[in-house]
Amino acid sequence: MSREFDENMSQLVSEITANYKQNPIFSSFDSSNLANKVEIIEILNELRQLIFPGFFEQKKLASETIGYYVGNLLMSIQEKLHRQIKCVLFYKNYINMEIEDSILEKKTDEICQSILKSLPKIQEYITTDVQATYDGDPAAVDMEEIIFSYPGIFAVCIYRIAHELYKLSVPYLPRIMTEYAHNETGIDINAGAEIGKYFFIDHGTGVVIGETCMIGDNVKIYQGVTLGALSTREGQNLHGVKRHPTIEDNVTIYSGASILGGETVIGKNSVIGGNAFITKSVPEDTRVSVQNLELKFKNSKAKEFDQEFISDWVI
Amino acid sequence: MSREFDENMSQLVSEITANYKQNPIFSSFDSSNLANKVEIIEILNELRQLIFPGFFEQKKLASETIGYYVGNLLMSIQEKLHRQIKCVLFYKNYINMEIEDSILEKKTDEICQSILKSLPKIQEYITTDVQATYDGDPAAVDMEEIIFSYPGIFAVCIYRIAHELYKLSVPYLPRIMTEYAHNETGIDINAGAEIGKYFFIDHGTGVVIGETCMIGDNVKIYQGVTLGALSTREGQNLHGVKRHPTIEDNVTIYSGASILGGETVIGKNSVIGGNAFITKSVPEDTRVSVQNLELKFKNSKAKEFDQEFISDWVI
Amino acid sequence: MSREFDENMSQLVSEITANYKQNPIFSSFDSSNLANKVEIIEILNELRQLIFPGFFEQKKLASETIGYYVGNLLMSIQEKLHRQIKCVLFYKNYINMEIEDSILEKKTDEICQSILKSLPKIQEYITTDVQATYDGDPAAVDMEEIIFSYPGIFAVCIYRIAHELYKLSVPYLPRIMTEYAHNETGIDINAGAEIGKYFFIDHGTGVVIGETCMIGDNVKIYQGVTLGALSTREGQNLHGVKRHPTIEDNVTIYSGASILGGETVIGKNSVIGGNAFITKSVPEDTRVSVQNLELKFKNSKAKEFDQEFISDWVI
């Protein structure tokens, strides 16, 4: 390598490290690490193995010895979860404080135990989600197919786990988990949302469910649905404010619909048609459809013609 | 670990295994495994290497010895495919039956041979898809770029393979394959759809093509297009019924358009504008555009003003 | 294996290799390889480690020794980048020419040096993107969360790197890089687009930003936004023509909006409402919203009713 090259390199190193100093928030040194994404994904995979035993591994399981299998998995999950939770608690809450390790250890233990205790309930809820998916999708062959390959189940499963960590105010991990699901499926459910049983997301790409959404039981959602906020111009001033809608029981929301605003309530048993754009509450038992989306038809001679078309649809 | 911890653990194991017993469908033990997703992805990668030799590996290939390369790859694909097909056939069809292994073996052989035989045809079709992509996308530099990096080609390639397995009634594998493509690209093509030559999907995120779609030759589809069903309220009762549209030759469908219903036919040479929402048939040679999507303009003094705008567009 | 099987295999090998000969563009043998996607992803990962030191690795970094860390990373990036650039330059430009390796080597060196020199500027821009994301998203807890897990930052970071390669006319690599980001996030930014500082993409799934877009500073974009071309019927004839819009400073574009056409300019400080479909220029300081998207409400007795609804919204 030439002398010129060496000088260029030195120059570059100086400029880059100068940038670090100017914006210390963008570097994470002289400190612990934030979290280990690889281990977090391992935790999620092991939790899926626990919830759906025998589906995601190549070894066969026998019902007589299933207790050992479950115990083993739990120990492994517990160990990893403990390490990651301790890591983020320290990074977010204690990094500039002198605290004894035993205090941090105790706090981590408590959170870990709470999460493990919630697993049977999570498992029960996910079971209802699989059932709702089977009942709602004519293309589904059986529930094994849904468990094994449906992105909606994958995303909702991870959301349900992340939500428990969110409720316990664990920093970073809930978002890392739901963004992993978002990355894999195109379904973006904020861990803060509250979602009831029998939840079914079909296809799912482009679905966005905001942090302060409240969703009841038996709700069906299709691809491209946004449950979002109205203007976010106020940015960080809105942190913690309810800014996403409430969806009551038995509501169906077809593809591409947007429902916006923290005071917007979709009443129970309502059906929201595809591409509807809703910013105010809808009473219960209502079918909403986009009316009069006029289409223009031209034939090959560029002559317009009319056609009776779309007066009322709900997909 | 404390005694309390041990007791909590035991309690947890009991609750989780009790859940398994209550919902046996959600566990897969005392049985064979459903399938091995890792090996299925390997099969798909090897098939892509076969279809586009030299693109997806680091070793150089020489034209004189290409026969050995192809033979080698085929043997490897055949072995893995055989294993996975036998696995899903057993799991879905024979798990509770006493059948001789030789019968299952023979059935698996037949299916495997059919799929391998269809490879030259699949290859030919995918060649036309690459050509259509090059012809249709001004941003494409050459066909190598398309083969190497376009998500539309990736998804259509996997769909064409999965469709052969679907036609032979192989359980689980078609869906696992197309969901792998969905995961990688955001393009969700059900393996049951029938799609002609020269098929071009641009960008692709959010595209949904339903199980009973029929698509002709030379069709172009952009991001966010849904070829879907009307109401799926009847759920599993609709299994096997044609509920998705028919798209004839030379049709272009721009981004965000939805075309819904099993009796909806888009006639040949038609162009469907962006965001159109279509639930009835469109005759051939028709250009459909959304008309009169009124926009409201306010300036900084919140004063409204008019602007001649969008009377006819087709992107 | 039976004789029949052997014959089938031979037949298949012949058909597949015959396809190669008929369409030589679809095979890449007797030549160098196009590029190594695995190494390209490694380059991107190392660049992210350089831009956000300490976030994406498990070892701790110390501020006193950070210069060594940076130098080390730069050497590794430089080596890999050099290999990949040389590879694609040869494949695209020199494969059928007799050139001396020293000429290719020199050209590669120049490009490599240019890219490395641009790193501090890239770093500076990405710092502003993180700031804009924090300011704009009420759900964000802190900037570490954004750096560690937000897909918008991931995609914009890779776009900013790929854009440097695009400006230097490096073949293939820019597209491979942005498609990697597209694959991971559902955000499809063509490396040719020009994008100013403080760029914020929220959620992001389904965003498409075309090759000839020009975007100013302080622009916010939500999921499902298309900055696209009008008709692409002319295909390759449009290669190099400006066919995507210009977005001036301080513009916000809400989810699902489409802005199309190379002569379309959105003036500074304007706000484009969700689902708006825009094909002509909008003056500065304008708020555009979809007006009169009529919705039809039916109650459970299928009786229609009216509701004052959506006369003016901007999410």
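Residue numbers restart at each chain and count upward from 1, following the sequence in its written direction. For naming, the first written chain is A and the first written ligand is 1, with later ones following in the order written. With the structure being a predicted model, the display of local features is reserved for residues of pLDDT at least 70 and the display and counting of side-chain atom pairs for 80 or more, all residues being used for whole-chain, interface and lining totals. No hydrogens and no water enter the side-chain calculation; it runs on all heavy atoms of the structure.

Going by the annotation in an unreviewed UniProt entry, the name recorded for chain A is Serine acetyltransferase, with [Clostridium] fimetarium given as the source organism. UniProt positions are given in the numbering used here, feature names are shortened, and annotations may be inferred rather than shown by experiment. Quoted straight from UniProt, the Pathway (unreviewed entry) entry for chain A says "Amino-acid biosynthesis; L-cysteine biosynthesis; L-cysteine from L-serine: step 1/2."

### Section: the relation of the copies chain C and chain B
Once chain C has been moved 0.0 Å along the axis and rotated by 120 degrees, it coincides with chain B to within an RMSD of 0.0 Å. Here the two chains are linked by the operation of a three-fold rotation axis. Any pair of residues with heavy atoms lying within 4.5 Å of one another is described as a contacting pair. The fraction of interface residues of chain C whose copies in chain B are also interface residues is only 7%, indicating that the copies meet through different surfaces. What sets the superposition is a least-squares fit of C-alpha atoms, and only residues with pLDDT of at least 70 in both copies go into it.

### Here we look at the side chain of C:Thr185
Residues and elements named next belong to chain C. A run of DSSP states H or I qualifies as a helix once it reaches four residues; a run of E qualifies as a strand once it reaches two. Both are numbered from the N-terminal end. Topologically, threonine 185 is positioned in helix α8 (residues 173-185). Polar contact is the term for a pair of N or O atoms within 3.5 Å; when the atoms are in protein, one must be able to donate a hydrogen and the other to accept it, and sequence-neighboring residues count only if both atoms are side-chain atoms. At a separation of 3.0 Å, a polar atom in the side chain of threonine 185 contacts the main-chain amide nitrogen of isoleucine 187. Every residue in contact with threonine 185, bar those within four places of it in the chain, is listed here: Pro151, Phe154, Ala155 and Thr205.

### Some words on the sheet that holds strand β1 (residues 188-189) of chain A
Residues and elements named next belong to chain A. The five strands are arranged β1-β4-β7-β10-β13 in an open sheet whose pairing can be described as parallel. Taken across any chain shown, the strands that pair with only one partner, and hence form the sheet edges, are β1 and β13 (277-278). For β1 and strand β4 (residues 208-209), the ladder comprises two bridges, and the chain directions are parallel. Bridge pairing in β4 places isoleucine 189 opposite isoleucine 209. Each pair of strands is called paired provided DSSP finds at least two bridges between the two strands.

### A closer look at the interface of chain C and chain B
Chain C puts 72 residues into the contact, and the matching count from chain B is 75 residues. Carbon and sulfur atoms supply 58% of the area that chain C and chain B bury against each other, a total of about 6400 Å² over both sides. Its largest share of buried area at the contact with chain B, chain C owes to C:Phe26, C:Gln236 and C:Phe277, together 12% of the area lost on that side. Criterion for a salt bridge: a side-chain nitrogen of Lys or Arg within 4 Å of a carboxyl oxygen of Asp or Glu. In this structure, the connection of chain C to chain B is made through one salt bridge. Note on terms: buried area is the combined drop in 1.4 Å-probe accessible area of two parts once they are placed together, counting the loss on both.

### A word on the sheet that holds strand β2 (residues 194-195) of chain C
To summarise the sheet geometry, strands pair through backbone hydrogen bonds and adopt either a parallel or an antiparallel arrangement. Residue and element names in this part refer to chain C. If you trace the four strands from one edge of the open sheet to the other, you get β2-β5-β8-β11, paired in parallel fashion. What marks the edges here is a single partner per strand, and that holds for β2 and β11 (265-266). Relative to β11, strand β8 (residues 246-247) runs parallel, the two being bridged by two bridges. Across the sheet, the residue bridging to isoleucine 247 is isoleucine 266, located in β11.

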